[in-house]
Amino acid sequence: DDIKIVLLFWADWHDDSVALKESVLPALASSSNDDTLQFGSVEAEVQTALSEKYSVTLVPSFVFLNNGIVMERIEGDVEISDVTQAVQRLVVSKTPLQTATADTGTSSNDNDTSSSPTPEKEQISEEEALNARLKRLVRSSEVMLFMKGTPDAPRCGFSRQAIEILKENNIAFGSFDILTDNDVRQGLKTFSDWPTYPQLYAKGEFMGGLDIMKEMKEDGSASLADQLGVAPEPTLEDRLKKIINRDRIMVFMKGVPSAPRCGFSRQIVEILNENGASYDAFNILEDEQVRQGLKEFSDWPTYPQLYVDGDLVGGLDIVKEMVDSGDFKELIQG
């Protein structure tokens with residue numbers, strides 16, 4: 001009997017892929033009545049041998065196997081309906097070897113190839129499958145850059161310049177290293193009708209290469225984000241201001257109020273609680289960008305830091321002085 005397997009490649013940092021593993025995959029398995037059909041999940045960055053074997057470079061990815069042969073794959077922006085239909089196709093599928101054997105067996109003439117798939121038909125099928133994959137890839141992030149290398153390690157000067165432009169303009173983006181997949185590398189040239197890399201997509205629409213990106217950057221009539229039709233990623237300063245104003249009284253500390261991670265943070269929490277303050281807290285140990293950025297933003301080198309009405313009050317020593325003078329109670333009561 002055929003052994004048909006549906007594999008989901010996921011990563012613990014990718015929430016959508018985790019949700020697919022924990023809910024969708026078990027639901028598919030429980031609804032299947034086919035004894036030959038098996039379902040499994042693969043943590044892509046842990047079981048790297050399997051990821052390399054099946055050329056998985058993106059999570060989430062579904063790979064559909066019949067006797068070890070990849071029949072179909074779905075990558076990136078996964079629609080549950082597409083997965084369900086692919087499972088149904090897998091159930092009724094035959095491997096290329098089985099198909100060839102069946103075709104030969106039904107032929108009454110050794111030279112009769114009418115029942116065998118023609119090379120042209122096979123080529124069209126492969127082309128359609130690649131185009132379907134490319135459509136999913138270009139939509140896998142709101143802004144998608146196809147480049148040589150990765151954002152942290154570009155493999156050519158043009159790709160490096162494209163990364164710099166996107167980062168300078170606070171554009172959040174996904175990327176695909178075309179050096180790792182020659183099918184995508186060659187197929188996207190035709191798909192985009194663009195012969196070189198890098199290539200930039202926004203909301204599934206091809207925007208152009210590096211020269212187009214430079215022209216858009218230099219266009220003074222609109223920001224790059226507006227031209228791409230996306231919202232710019234908040235700057236660190238914007239993030240800090242938003243967190244500072246999350247509550248009237250905000251304390252930036254090591255740990256959380258219920259479990260401070262240093263004596264200074266514990267003392268400031270005790271002072272706030274003893275004075276009946278209603279406040280919110282931010283654990284700077286969980287966000288290194290905020291931890292370092294707030295020091296410069298506040299011009300205050302240590303933690304904890306206390307903010308009231310969006311203004312810096314100071315650290316623990318300042319708070320203690322205000323408690324001793326009687327000013328602290330008045331401050332937190334507004």
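Residues numbered from 1 in each chain as written. Predicted model: local features only at pLDDT ≥ 70, side-chain atom pairs only at ≥ 80, totals over all residues. Heavy atoms only, no water.

Novice: Tell me about the overall build of the chain, and please be specific about residues and values.
Specialist: The secondary structure content of the chain amounts to 14 helices and 16 strands. At 28 Å, the chain has a C-alpha radius of gyration far larger than the 20 Å of a compact globule built from 334 residues. Reported as C-alpha extents along the three principal axes, the dimensions of the chain are approximately 105 × 50 × 30 Å. The buried share of the chain, taken over its 334 residues, is 38%. (Helix = DSSP H or I, 4+ residues; strand = E, 2+ residues; numbered from the N terminus. Rg over C-alpha atoms; globule rule 2.2 N^0.38 Å. Buried < 20%, exposed > 50% of the residue type's maximum accessible area, 1.4 Å probe, protein only.)

Novice: Residues and numbers for the packing of helix H10 (residues 236-244) against helix H12 (residues 288-298), please.
Specialist: Viewed as axis vectors pointing N to C, H10 and H12 meet at an angle of 90°, and their least axial separation amounts to 10 Å. In terms of orientation, H10 lies roughly perpendicular with respect to H12. Across from Leu-236, Glu-237, Arg-239, Leu-240, Lys-241, Ile-243 and Ile-244 in H10, the residues of H12 making contact are Gln-289, Val-290, Gly-293, Leu-294 and Phe-297. Of the residues contributing to the contact of H10 with H12, the split by class is seven nonpolar, two polar and three charged. (Axes fitted to C-alpha atoms, helices over the stretch in contact; angles between N-to-C directions. Parallel < 35°, antiparallel > 145°, perpendicular 65-115°, else oblique. Contact = heavy atoms within 4.5 Å. Nonpolar A, V, L, I, M, F, W, Y, C, P; charged D, E, K, R; others polar.)

Novice: Provide a residue-level description of the pattern of salt bridges, including the pertinent values.
Specialist: Scanning the model with the defined rule gives 10 salt bridges in all. Across the pair Lys-217 and Glu-168 runs a salt bridge whose closest N-O atoms are separated by 3.1 Å. Linking Lys-217 in helix H8 (residues 210-218) with Glu-168 in helix H6 (residues 157-168), this pair joins segments that are 49 residues apart in sequence. When its relative accessible area of 40% is taken as the criterion, Lys-217 is described as partly exposed. Among the charged side chains, a salt-bridge network with shared partners connects Arg-73, Glu-75, Arg-133 and Asp-181. (Salt bridge = Lys/Arg side-chain N within 4 Å of Asp/Glu carboxyl O.)

Novice: Now, about the pairing of strand S2 (residues 37-43): what can you tell me, with residues and values included?
Specialist: Inspection of the sheet shows strand S1 (residues 4-10) paired to S2 by seven bridges, in the parallel sense. Its bridge partner lying in S2, Val-6 is registered against Phe-39. Considered for its hand, the β-α-β crossover made up of S1, helix H1 (residues 15-31) and S2 is right-handed. (Pairing = 2+ DSSP bridges. Right-handed = clockwise from strand over helix to strand, strands pointing away.)

Novice: Give a detailed account of the nonpolar core, specifying residues and quantitative values.
Specialist: Grouped together as the largest cluster of nonpolar side chains are 18 residues, with contacts concentrated most on Ile-249, Val-251, Ile-268, Leu-272, Tyr-279, Leu-306 and Phe-328. Elements with a minimum of two residues in this core: strand S11 (249-253), helix H11 (263-274), strand S15 (305-308), helix H13 (316-325) and helix H14 (327-333). Apart from residues lying up to four places away in sequence, Leu-306 is in contact with Ile-249, Met-250, Val-251, Ile-268, Leu-272, Asp-311, Leu-312, Val-313, Gly-314, Val-319 and Phe-328. Among the nonpolar cores identified, the runner-up in size contains 17 residues, and Val-143, Leu-145, Met-213 and Leu-224 belong to it. (Core = buried A, V, L, I, M, F, W, Y, C linked by side-chain atoms within 4.5 Å.)

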